[in-house]
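Letter by letter, the chains look like this.
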Amino acid sequence: MNQSVSQPSSSTSKNIGKTGVFIVNLGTPDSPNTPDVRKYLREFLMDGRVIDIPFIPRFLLVNGIIAPFRSPKSAKTYKEVWLPEGSPLKVYGLAVEKMLQEALGDDYVVKLGMRYQNPSIESRLMEFQKMGLTEIIVIPFFPQYASATTGSVYEEVMRVLSKWQVMPSVKFVNQFLAHPKFLQGFVQNAQKYLQANSYDHFIFSYHGLPERQIRKGDCTKEVCKLGSCCDTLHAMNQHCYRAQCFETTRLLVKALNIPEGKYTTCFQSRLGNDPWIKPYTEDVIKELPKKGMKSVLAFSPAFVADCLETTLEVGEEYKEVFEKEGGKHWDLVESLNDSPIWVETLVDLVKTC
C-alpha cells in the first residue's frame, strides 16, 4: 500500500540550508502619537535589563509615573524626527535589510527585528523557524556591548529559541566598535565638516547607563572604579560599556588625527536621580565656551542610525545649551544610517562570525 509523504512548502524548500542573518535595533513606537509612544515606553522600560530594579517597584515606576507623564512630551519629540516613510530607526533599518540581502546573495536570508515593538524579535524568528535554516547569525545594532542593549537582545532571542523543538546553530555578534569599516564610516561622514570648518574641540557623546549597571558587569568586583580604569581596554574590562566607549573614541581620534586635549568622551540621556556614568555631556558642553572653545564637532558613535538621541538631543538640544553658554558653532556628524560602508561592515561581520 502506497503512503503519500508530505512535501515541504516551496517557501521552506528554497531556504533549506541557508544562513539567516538577524539584524536587531532597539525599537520604535508604531507612530508618533501618544498612545503608541506610551505603549513603546512601557515595553522598553519594563525590561529588567533597562531599569534593573525589582519587578514591583519597576512596574509602579514605569506604569504609574514615567509612561503616563512622559508619553505626551516624547510624542512631540518623535514627531520632530519622524520621516514621511515612518520612524527613522525603522526606515533606515528596512533599507539596510534590503541592501544587506542584495550584498550577501541567495545563500542568506536577512531580516530586521526590533527589541521593542515592531517588527518584534519573536515574529521575525518565527519566520526563520519555518525556513529550515542551517544557521542564524544575530547582529545587534550596538557597537559597544551593554546589558541594557545587546544583553537584552540576547535574552529575548534565547527566550524565543528555547521554545523551538529544533534549533539551528546560533551565533551572536557581541560588539564591533573596533571594526575598521565601522570607524571609517564615521570618518567619512566627518570629512565634509572638517573640510568646511575649523573646530576648537570634538565631542564624542555616548548613551549613558546607571553606574550600578557598570559595576554589576565587573565579575572581579575589583577592576571597575568608573575612572582611569577605562583609559585602556584589556581582558579585565573588555565587557565594560564605559571602557568600550572610551576605546571607540581613541580609535576614532586616531583615524581623524585629532590632537590630544582637543576631544572629550562623555555620556548623555540620563533618566532618574541615581548616578550615571560620567562625565555628563551637558556638563562638558557648558564648560567649553568658558575655556575659549567656541566651535565644536560632535559625534554619537553609540548609534548606527540617527534617532531622537542623535538628531534631536545632540544635534539640537545640546547645540542650544552650547550657544546659550557662549558657543558659536556646533555640528553633528550623522550616523551610518543606510550608507554603503555600513552595509559593508555588516557583510564583514556576517562572513567572519
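Rules behind the numbers
Residues numbered from 1 in each chain as written. Predicted model: local features only at pLDDT ≥ 70, side-chain atom pairs only at ≥ 80, totals over all residues. Heavy atoms only, no water. Salt bridge = Lys/Arg side-chain N within 4 Å of Asp/Glu carboxyl O. Pairing = 2+ DSSP bridges. Helix = DSSP H or I, 4+ residues; strand = E, 2+ residues; numbered from the N terminus. Axes fitted to C-alpha atoms, helices over the stretch in contact; angles between N-to-C directions. 1 Å grid on protein atoms, 1.4 Å probe; cavity = no way out; pocket = protein on both sides within 12 Å on 5 of 7 lines; lining within 4 Å. Points joined across faces, edges and corners; volume = space filled by probe spheres on them. Nonpolar A, V, L, I, M, F, W, Y, C, P; charged D, E, K, R; others polar. Buried < 20%, exposed > 50% of the residue type's maximum accessible area, 1.4 Å probe, protein only. Polar contact = N/O pair within 3.5 Å; in protein donor to acceptor, adjacent residues only side chain to side chain. Contact = heavy atoms within 4.5 Å. Core = buried A, V, L, I, M, F, W, Y, C linked by side-chain atoms within 4.5 Å. Expected span 1.5 Å × (residues − 1). Bend = angle between axes of the 7 residues up to and from the residue.

K.L.:
Mind laying out the pattern of salt bridges, listing which residues take part and the relevant values?
P.N.:
Enumeration over the complete set of coordinates arrives at 19 salt bridges. With a shortest N-O distance of 3.5 Å, Lys290 and Glu287 are connected by a salt bridge. Residues joined by salt bridges that share partners form a network here, namely Asp52, Arg212, Lys216 and Asp274.

K.L.:
Lay out the sheet that holds strand β4 (residues 169-172) in plain terms, naming residues and giving numbers.
P.N.:
Reading across from one edge, β2-β1-β3-β4 is the order of the 4 strands in this open sheet, with parallel pairing throughout. Of all strands in the sheet, those bounded by a partner on one side alone are β2 (108-117) and β4. Across the sheet, the axes of successive neighbouring strands diverge by a mean angle of 25°, strand direction being ignored. Where strand β3 (residues 135-140) and β4 come together, 4 bridges link them in parallel fashion.

K.L.:
Quick rundown of empty space enclosed by the protein? Include the residues and the values.
P.N.:
As enumerated under the stated definition, the model contains 1 cavity of 30 Å³ or more in all. Every residue lining the largest cavity is listed: Asn25, Leu89, Tyr92, Gly93, Val96, Phe141, Val304, Ala305, Asn337 and Trp342. Examining the composition of the lining of the largest cavity, we find that 4 residues originate from one element, helix α4 (residues 88-104), more than from any other. Split by residue class, the lining of the largest cavity holds 7 nonpolar, 3 polar and no charged.

K.L.:
Let's hear about the side chain of Glu156: which residues, and what values?
P.N.:
Relative to the helices and strands, Glu156 resides in helix α6 (residues 147-161). Given a relative accessible area of 13%, Glu156 falls into the buried group. Only 2.9 Å separates the side chain of Glu156 from the side chain of Arg159, close enough to count as a polar contact. In this view, Glu156 contacts Arg115 and Ile121; residues no more than four positions away in its chain are not counted.

K.L.:
Provide a residue-level description of the nonpolar core, including the pertinent values.
P.N.:
In this structure, Leu125, Phe204 and Tyr241 are the most contacted members of the largest nonpolar core, which totals 94 residues. In terms of residue count, helix α9 (residues 241-256) provides more of this core than any other element does, 7 residues in total. Those residues within four positions of Tyr241 in sequence are excluded, and the remaining contacts are Gln144, Tyr145, Ala146, Tyr206, His207, Leu209, Ile214, Phe267, Ile277 and Ala302. Core analysis: the second largest hydrophobic core is formed by 14 residues, Val284, Val296, Val314 and Tyr318 among them.

K.L.:
Now, about the layout of surface pockets: what can you tell me, with residues and values included?
P.N.:
What the second largest pocket holds in volume is close to 440 Å³. Among the elements that take part in the lining of the second largest pocket, helix α8 (residues 211-216) stands out by supplying 3 residues, more than any other. A class-by-class count of the residues in the lining of the second largest pocket yields 13 nonpolar, 6 polar and 4 charged.

K.L.:
Can you break down the sheet that holds strand β5 (residues 201-207) residue by residue, with the values?
P.N.:
Sheet strands line up and pair through hydrogen bonds in the backbone, either parallel or antiparallel. Read across the sheet, 4 strands follow the order β6-β5-β7-β8 without closing on themselves; strand pairing throughout is parallel. On the outer flanks of this sheet lie β6 (263-268) and β8 (329-332), each paired with one strand and no other. Strand after strand, the sheet turns through a mean of 25° between neighbouring axes, direction not considered. With 4 bridges joining them, strand β7 (residues 295-299) and β8 adopt parallel strand pairing. Residue pairing in the sheet places Ser295 in a bridge with His329 of β8. Relative to the sheet, α9 contacts β5, β6 and β7, its axis offset from that of β5 by approximately 150°.

K.L.:
A description of unusual backbone geometry should follow, citing residues and the corresponding values.
P.N.:
In the segment running from Asn118 into Pro119, the intervening peptide bond is cis, with an omega of -5°. Along the chain, the position of Pro119 falls in the loop between β2 and α5 (121-129). With an omega of 0°, the peptide bond running from Lys278 to Pro279 counts as cis. Tracing the backbone through its elements, the reader meets Pro279 in the loop between β6 and α10 (281-287). The backbone of Lys221 shows a phi angle near 60°, a positive value even though the residue is not glycine. Looking at the element boundaries, Lys221 is found in the loop between α8 and α9. Even without being glycine, Leu226 reaches a positive phi, approximately 55°. For Leu226, the position within the fold is in the loop between α8 and α9. Owing to a relative accessible area of 16%, Leu226 belongs among the buried residues under this scheme.

K.L.:
Give me helix α7 (residues 180-196): which residues, what numbers.
P.N.:
Over its 17 residues, α7 runs 25 Å from end to end, which matches the ideal 24 Å to within 8%, given 1.5 Å per residue. Ala190 marks where α7 bends most, by close to 35°. For α7, the set of buried residues is Phe182, Leu183, Gly185, Phe186, Val187, Asn189, Ala190 and Tyr193. Looking at the buried positions of α7, the neighbouring elements they touch are α9, β7, β8 and α12 (340-352).

By themselves, these are just geometric observations and shouldn't be taken as functional.
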